[in-house]
Amino acid sequence: MKKLKFYMIGLIPGLIIVFFILNKKGASCSGYLPNSRVVAETLSKDFMYSDQFKAEMAALNVNEKFLKDSIITKGTIDFDRSHAQKKPCPDYLLTYPEKNPAYEITFEKCEEKATMTSMKKLK
């Protein structure tokens, strides 16, 4: 019992200190999930737009800033309808927002670039 008490006296303050240090640095575990990794990798690439995609963006009145800052950043990859293992460029289907999706985007993520191929408004 005495050992457990000493253990808790060290563990609890240690956890609190670690929590505050990591919280200050902005560390999170969200980057380890497949959706987060695909989105982060996509945003780090050069964006290319197909002619069809450019026409759909214009028709839906969506600009590049909204596309990158909202749709892709906060979107969810549908891995069931994507081809993540396709070589050399896997293609993904992204929906935005997560609940009651309004937009559906198809894109290919290659080594150097991300090519947006189609965009649909679902509602």
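Model, not experiment: these values are computed from the prediction. (Residues numbered from 1 in each chain as written. Predicted model: local features only at pLDDT ≥ 70, side-chain atom pairs only at ≥ 80, totals over all residues. Heavy atoms only, no water.)

## Structural notes on the state of the cysteines
In the structure shown here, the tally under the stated rule is one disulfide. Disulfide pairing places Cys89 opposite Cys110 at an S-S distance of 1.9 Å. Its S-S torsion of about 115 degrees marks the bond between Cys89 and Cys110 as right-handed, since a negative value means left-handed. Note that Cys89 is positioned in the loop between strand S2 (76-77) and strand S3 (91-96) and Cys110 in the loop between strand S4 (103-109) and strand S5 (113-121), a separation of 21 residues in sequence. (Disulfide = S-S within 2.5 Å. Helix = DSSP H or I, 4+ residues; strand = E, 2+ residues; numbered from the N terminus.)

## Thoughts on the sheet that holds S4
The sheet built from five strands is open, its strands ordered S1-S5-S4-S3-S2 with mixed pairing. Where the open sheet ends on each side, the last strands, each with one partner, are strand S1 (46-49) and S2. Across six bridges, the pairing between S3 and S4 is antiparallel. Residue Leu94 lies in a different strand from S4, and its bridge partner there is Ile105. Contacts between helix H2 (residues 34-43) and the sheet are confined to S1, S2, S3, S4 and S5, with S4 contributing the most and set at about 70 degrees to the helix. Contacts from helix H3 (residues 51-60) reach S1, S4 and S5 within the one sheet, and its direction differs from that of S5 by about 45 degrees. (Pairing = 2+ DSSP bridges. Contact = heavy atoms within 4.5 Å. Axes fitted to C-alpha atoms, helices over the stretch in contact; angles between N-to-C directions.)

## Topic: the packing of aromatic side chains
Using the criterion set out here, one finds eight aromatic pairs in the structure. Centre to centre, the rings of Tyr96 and Tyr103 are 6.4 Å apart; their planes meet at 25 degrees, and the pair counts as stacked. By relative accessible area, which is 15% here, Tyr96 ends up buried. What links up through ring pairs into an aromatic cluster is the set Phe47, Tyr49 and Phe53. The cationic tip of Lys68 hangs over the ring face of Phe47; the distance from NZ or CZ to the ring centre is 4.5 Å. (Phe/Tyr/Trp six-rings, centres within 6.5 Å; stacked < 30°, edge-to-face > 60°. Buried < 20%, exposed > 50% of the residue type's maximum accessible area, 1.4 Å probe, protein only. Lys NZ or Arg CZ within 6 Å of the ring centre and 35° of its normal.)

## Thoughts on the pattern of salt bridges
This structure, assessed with the given rule, holds eight salt bridges. One salt bridge connects Lys109 with Glu41, and the closest N-O pair in it is separated by 2.7 Å. In this pair, Lys109 sits in strand S4 while Glu41 sits in helix H2, placing the two residues 68 residues apart along the sequence. In this structure, Asp91 and Lys86 form a salt bridge, with 3.1 Å as the shortest nitrogen-oxygen distance. The class for Asp91 is buried, based on a relative accessible area of 13%. A cluster of three or more residues bridged by salt bridges with shared partners is formed by Asp78, Arg81, Glu104 and Lys120. (Salt bridge = Lys/Arg side-chain N within 4 Å of Asp/Glu carboxyl O.)

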